[in-house]
Amino acid sequence: METVVSGIRSTGNLHLGNYYGAIQNFVKMQHEYNCYFFIADLHSLTTHPTPADLHGNVKQVLVEYLAAGIDPEKATIYIQSDVPEVAELYLYLNMNAYLGELERATSFKDKVRANPDNVNAGLLTYPVLMAADIIIHKATKVPVGKDQEQHLEMARTFGNRFNRLYKNDYFPEPYAFTFGENLVKIPGLDGKGKMGKSEGAGNAVYLSDTPEAIRKKVMRAVTDGGPTTENQTKPQEIQNLFDLMNVVSTPDTYAHFENLYNTMAIRYGDFKKQLAEDMIIATAPIRDRINDIANDADYLRKVAQLGADKARESARKTIKEVREIIGFKSF
Ligand code: TYM
């Protein structure tokens, strides 16, 4: 059975981008593959969370994984820092990851631009840690959104480099995976780029948002003065709202508003109201379970323990082999 690995950084509540880009696929894949889904708390250290925030954010992602339908009996759900073997493999891979290629990573360049005062080494070697996450379980499929495509390419580079240096075909090649044709990129509500946690307040719709909060955010989303000719190409901010409707609404609803747009009869107020209601319906089953799960400390502890045990078993096996392959031997 093929092995699947993916993770989400514990940097705040999960949003529709995380859900449609990643978690929805986690839930489907758990029935067919040997799955490892983790909470990337080591990755979150690049932005220096306080201990209390770190712990709270890890719990939030764990709760939302479970609320979204990941089943701890089927998939291995674990916290990255519970598996120190990942950090060990990261160290080995770092020896063959080069400054030039790390500096060229798009996500690194974006982070440097956004926060020039915090260009730390952890940020630079972020793709190496991500490669370690994936290849420690010898995964071949990695369900992620479009923004992670380059990181997957780098994971293949680092795995292949290890293979060439030490042992041919040891690590299999991991590829970004989605059930559809293209990796998903869910836009935000600000009329610009993707939905994200750091893209500014109001841009992201969270799985834990109340219906009222969702309505407010959607009604405030950026629009224009309306179409001025029939069948015109939609400007970015309008296209983004249609893209969101495409994932949360029925095909009939989408076609209805598309037709209104193309005939210049669309009223953005109605369009946004429908979009908000469909987002509320789409997130309801998750939202409804979040509080109950969050209050069940015993259950969360059990899930984290079970996941840590299973993930460590797999990681230990790889690290034992890797140590031998590299040449660490006891006397
Ligand atoms: P992160 O925490 O930024 O995002 C988690 C997952 O959500 C997807 N995603 C999106 N998909 C579509 N549209 C969006 N607007 C959107 N926003 C986020 C991401 O593509 C991702 O799948 N580096 C990773 C975490 C990670 C990881 C790994 C993933 C660490 N190690 C190993 C896979 C395998 C990250 O920062 O994702």
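What counts as what
Residues numbered from 1 in each chain as written. Predicted model: local features only at pLDDT ≥ 70, side-chain atom pairs only at ≥ 80, totals over all residues. Near = placed C-beta within 6 Å. Helix = DSSP H or I, 4+ residues; strand = E, 2+ residues; numbered from the N terminus. Nonpolar A, V, L, I, M, F, W, Y, C, P; charged D, E, K, R; others polar. UniProt positions renumbered as here; feature names shortened; annotations may be inferred. Expected span 1.5 Å × (residues − 1). Buried ≥ 20, exposed ≤ 12 C-beta atoms within 10 Å, placed from the backbone. Contact = placed C-beta atoms within 7 Å. Core = buried A, V, L, I, M, F, W, Y, C linked by C-beta atoms within 7 Å. Domains from an automatic or database assignment. Axes fitted to C-alpha atoms, helices over the stretch in contact; angles between N-to-C directions. Parallel < 35°, antiparallel > 145°, perpendicular 65-115°, else oblique. Left-handed = near helix turned anticlockwise from the far one by under 90°.

**Description of the site of the ligand**
Close to the ligand lie 26 residues, the nearest being R9, G17, G21, V144 and G145. Mapped onto the shell around the ligand, the elements with two or more residues apiece are strand 1 (3–9), helix 1 (16–29) and helix 8 (126–135). It is strand 1 that provides the largest number of residues to the shell around the ligand, a total of five residues. A class-by-class count of the residues in the shell around the ligand yields eleven nonpolar, ten polar and five charged.

**Quick notes on the UniProt feature "short sequence motif: 'HIGH' region" (unreviewed entry) in the chain**
Here, the residues flagged by UniProt with the feature "short sequence motif: 'HIGH' region" (unreviewed entry) are residues 10–18. Along residues 10–18 one finds 33% helix and 0% strand; the C-alpha atoms at either end are 12 Å apart.

**Observations regarding helix 14 (residues 297–326)**
Between its terminal C-alpha atoms helix 14 stretches 41 Å, which fits the 44 Å expected from 30 residues at 1.5 Å a residue. Of all the positions in helix 14, only V303, G307, A311, S314, A315, T318 and V322 are classed as buried. In this fold, the buried residues of helix 14 make contact with strand 2 (34–40), helix 3 (51–68), strand 3 (76–79) and helix 4 (84–94). In the stretch just after helix 14, G327 is the one whose phi turns positive, near 115°.

**Describing the nonpolar core**
Inside soluble globular proteins, nonpolar side chains tend to come together where they are buried. In terms of nonpolar packing, the biggest core is built from 83 residues, with F26, F37, I70, A131 and A132 touching the most fellow members. In this structure, this core is formed jointly by two domains, domain 1 (3–177 + 296–326) and domain 2 (211–290), each of which donates at least three residues. Beyond its immediate chain neighbours, meaning those up to four positions away, A131 contacts L93, M154, A155, F158 and G159.

**Some details on the domain arrangement of the chain**
As far as domains go, the chain holds domain 1 (3–177 + 296–326) and domain 2 (211–290). Here domain 1 and domain 2 have C-alpha centroids that lie 33 Å from each other. Facing the five residues of domain 1 at the interface are four residues of domain 2. Looking at which element gives the most residues to the side of domain 1 that touches domain 2, the answer is helix 3, with four residues. Taken together, the residues of the side of domain 1 that touches domain 2 break down into four nonpolar, no polar and one charged.

**A few points about the packing of helix 11 (residues 236–248) against helix 13 (residues 268–294)**
Where helix 11 meets helix 13, the axes come as close as 9 Å, and the angle between the chain directions of the two elements is 40°. The pairing of helix 11 with helix 13 is recorded here as oblique in orientation. Of the two elements, helix 11 crosses helix 13, and the hand of that crossing is left-handed. Within the contact between the two elements, helix 11 uses L241, L244, M245 and V248 and helix 13 uses L275, D278, M279 and A282. Here the contact of helix 11 with helix 13 is built from residues that sort into seven nonpolar, no polar and one charged.

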